[in-house]
Amino acid sequence: MKYFVFSLCVFVAVIWAPPSYAQATQFDITPKVCVVLQQHEFCDLELKISWKTAQPQDLCLYQNKQQIQCWTDSNNGLYSHKARVQVETIYSLVNPHTGSKVATTKVEVQSTEAKTTRRRLRSPWSFF
């Protein structure tokens with residue numbers, strides 16, 4: 001009998017609980033990697049940015065901490081952005097009212113130049 005009452009209470013709590021909307025946000029940026037000849041060179045990119053959410057909301061796109069574009073009461077967005085990046089750059093979708101990040105992704109910069117430092121194979125204190 002206790003099990004039945006407990007199960008009934010759990011069932012009622014689940015039925016009358018307010019709906020929780022999982023904010024499954026799809027956030028894509030292409031290309032995600034830029035290749036340069038030498039380290040510390042700038043990379044010029046034409047980024048294609050797209051996002052989609054389950055429910056319409058106000059969102060702003062940020063490059064690191066700089067605001068680029070905002071959308072009001074939308075559940076999807078497309079944006080083309082010319083970027084000049086030198087190091088890894090983080091792009092975020094932020095709710096402008098709360099300041100909370102909804103989604104984040106990054107664009108990496110990689111170099112074809114060989115690294116000049118070599119990893120030491122032996123410990124410095126070895127006699128051999």
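Residues numbered from 1 in each chain as written. Predicted model: local features only at pLDDT ≥ 70, side-chain atom pairs only at ≥ 80, totals over all residues. Heavy atoms only, no water.

## Here's the deal with the packing of aromatic side chains
In step 1: Applying the stated criterion across every chain, the model contains two aromatic pairs.
In step 2: Taking 5.4 Å as the distance between ring centres and 70° as the angle between the ring planes, the aromatic pair formed by W51 and W71 counts as edge-to-face. Of this pair, W51 sits in strand β3 (residues 43-63) while W71 sits in strand β4 (residues 66-85), placing them 20 residues apart in sequence. Comparing W51 with W71 shows no difference in burial state: the two are buried.
In step 3: A connected cluster of aromatic rings, assembled from ring pairs, spans W51, W71 and Y79. (Phe/Tyr/Trp six-rings, centres within 6.5 Å; stacked < 30°, edge-to-face > 60°. Helix = DSSP H or I, 4+ residues; strand = E, 2+ residues; numbered from the N terminus. Buried < 20%, exposed > 50% of the residue type's maximum accessible area, 1.4 Å probe, protein only.)

## A closer look at the pairing of strand β5 (residues 89-94)
In step 1: Of all six residues in β5, five are buried, a share of seventy percent or more.
In step 2: Here β5 folds back onto strand β6 (residues 101-111), and the loop between the two strands holds six residues, one of which, G99, carries a positive phi near 80°. (Pairing = 2+ DSSP bridges.)

## Thoughts on unusual backbone geometry
In step 1: With an omega dihedral of -5°, the bond running from T30 to P31 counts as a cis peptide bond.
In step 2: Counting through the fold element by element, P31 comes out in the loop between β1 (26-30) and β2 (33-36).
In step 3: The phi torsion at D73 lies on the positive side, around 45°, for a residue other than glycine.
In step 4: For D73, the location among the structural elements is in strand β4.
In step 5: Judged by relative accessible area, D73 falls into the exposed class, the value being 58%.

## Some points on the side chain of T89
In step 1: Tracing the backbone shows T89 in strand β5.
In step 2: Overall, the relative accessible area of 4% leaves T89 in the buried class.
In step 3: Of note is the side chain of T89, whose polar atom sits 3.0 Å from the backbone oxygen of V87.
In step 4: The contact partners of T89, leaving out residues within four places of it in the chain, are Q63, N64, T105, K106 and V107. (Polar contact = N/O pair within 3.5 Å; in protein donor to acceptor, adjacent residues only side chain to side chain. Contact = heavy atoms within 4.5 Å.)

## Focus: the nonpolar core
In step 1: Formed by 19 residues in total, the largest nonpolar core has its most connected members in F27, I29, L45, L47, L61, Y91 and L93.
In step 2: Here this core gets seven residues from one element, more than from any other, and that element is β3. (Core = buried A, V, L, I, M, F, W, Y, C linked by side-chain atoms within 4.5 Å.)

## Quick notes on the state of the cysteines
In step 1: The tally for this structure, following the rule as stated, stands at two disulfides.
In step 2: The residue that forms a disulfide with C34 is C43, at a sulfur-sulfur distance of 1.4 Å. Here the disulfide of C34 and C43 is right-handed, its torsion about the S-S bond being about 65°. Just as C34 is buried, C43 falls in that class too.
In step 3: Here C60 connects covalently by a disulfide to C70, the sulfurs 1.9 Å from one another. As the torsion about the S-S bond is roughly 105°, the C60-C70 disulfide counts as right-handed. (Disulfide = S-S within 2.5 Å.)

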